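The primary structure of each chain is shown beneath.
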Amino acid sequence: MQAYTGFAQVYDAFMDNIPYDDWASYLSNLLKEYGVEQGLIADLGCGTGSITERLAKVGYDMIGIDNADEMLGIAMEKKADAFDEEDKAENDKREGILYLLQDMREFELYGTVDAIVSICDSMNYIMSEEDLLKVFKLANNYLEKQGVFIFDMNTPYKYENILANNTIAENRKDCSFIWDNYFYKEEGVNEYSLSIYVRDEELEDELEEKDIFKRFDETHYQKAYSLETVKRLIEESGMEFVAAYDAFTKEPVKETSERMYIIAREQTQANKFYNK
């Protein structure tokens, strides 16, 4: 799995078009529908904590897990800066988030949790069925009795027809990026090469010049999984496949769905210690 490095500095800036409030509302509604109205939740691939913080805000106790220390550093800064004079309870929830630097293929928790979530196509960074099965087995191991694992994935349709072999670019005053995308259909692998330019204010001050930028180059890989493959691996892990939706709806996944939400449930296991 490729960790974010230079892109971490501008990730939130370029993701400001994502309706995180709507995404978190959809996710929390799913959690409640499947019996998790409160309790402890682990967020796999939490990044800078945008979803983690919003779930904490609506009352869940949160653990954020990511393997990119730069992203977690920003999440920790956001947590430290969060303060609302009129809502002490909200402050306590956000300040109480536990962030862990771990790879989701081998994450460890101190006990069971009521639910596990993974949003913003973090699961697509798992590059093999073998590793995806490992994640599902770990989820089954750490979920409380009948707890749920809710995650999203970009679909093969999106990689092949939307991202495809395109170039995406965005230019802003203080940062910009060029994204060269390549999809290898036979392998089901999506590659995107990023060139990121971030304004270096310290160097500008030192040299008394303007418009000085640092450049970062990164290459990321994601894997396209069919719903049938994901369902099979969930069942092989010991979990129960519950449902799959076309993202942000309650409709089934279609051939043209670009993102799918999947719900799996823990199956009660002999010789497993449950907190409840």
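In this text the structure is predicted, and so the values were computed from the model without any measurement.

Novice: Explain the sheet that holds strand β1 (residues 40-44) here, please?
Specialist: Strands pair in a sheet through their backbones, by hydrogen bonds, and they do so in one of two ways: parallel or antiparallel. Across the sheet, seven strands lie side by side as β3-β2-β1-β4-β5-β11-β10; this open sheet has mixed pairing. With partners counted over all chains shown, the strands left at the sheet margins are β3 (98-101) and β10 (240-246), one partner each. Within the sheet, the average angular offset between the axes of one strand and its neighbour, ignoring direction, is 15°. In this sheet, strand β5 (residues 143-154) lies alongside strand β4 (residues 113-118) in parallel orientation, the contact comprising five bridges.

Novice: For this particular structure, what's the right way to read a negative patch on the surface?
Specialist: On the surface, Glu-201, Glu-202, Asp-205, Glu-206, Glu-208 and Glu-209 cluster together to form a negatively charged patch. Given a relative accessible area of 51%, Glu-201 falls into the exposed group.

Novice: What is the right way to look at the packing of helix α2 (residues 20-33) against helix α3 (residues 50-57) in this model?
Specialist: Each pair of packed helices can be described by the angle between their axes along with the distance between the axes. Where α2 contacts α3, the two axes come as close as 10 Å, and the packing angle between them is 55°. In terms of their interaxial angle, α2 and α3 are classed as oblique. Crossing geometry of α2 relative to α3 is assigned as right-handed. From α2, Tyr-20, Asp-21, Trp-23, Ala-24, Leu-27, Ser-28 and Leu-31 reach across to α3, where they touch Ser-50, Ile-51, Arg-54 and Leu-55. Tallied by class, residues from the contact of α2 with α3 come to seven nonpolar, two polar and two charged.

Calculation notes
- Residues numbered from 1 in each chain as written.
- Predicted model: local features only at pLDDT ≥ 70, side-chain atom pairs only at ≥ 80, totals over all residues.
- Heavy atoms only, no water.
- Pairing = 2+ DSSP bridges.
- Helix = DSSP H or I, 4+ residues; strand = E, 2+ residues; numbered from the N terminus.
- Axes fitted to C-alpha atoms, helices over the stretch in contact; angles between N-to-C directions.
- Patch = residues over 30% accessible without salt bridge, like charges linked within 9 Å, V, L, I, M, F, W, Y side chains within 5 Å.
- Areas by Shrake-Rupley, 256 points an atom, 1.4 Å probe, with all protein chains shown as cover.
- Salt bridge = Lys/Arg side-chain N within 4 Å of Asp/Glu carboxyl O.
- Lys, Arg positive; Asp, Glu negative; His and termini not counted.
- Charge placed at Lys NZ, Arg CZ, Asp CG, Glu CD.
- Buried < 20%, exposed > 50% of the residue type's maximum accessible area, 1.4 Å probe, protein only.
- Parallel < 35°, antiparallel > 145°, perpendicular 65-115°, else oblique.
- Left-handed = near helix turned anticlockwise from the far one by under 90°.
- Contact = heavy atoms within 4.5 Å.
- Nonpolar A, V, L, I, M, F, W, Y, C, P; charged D, E, K, R; others polar.

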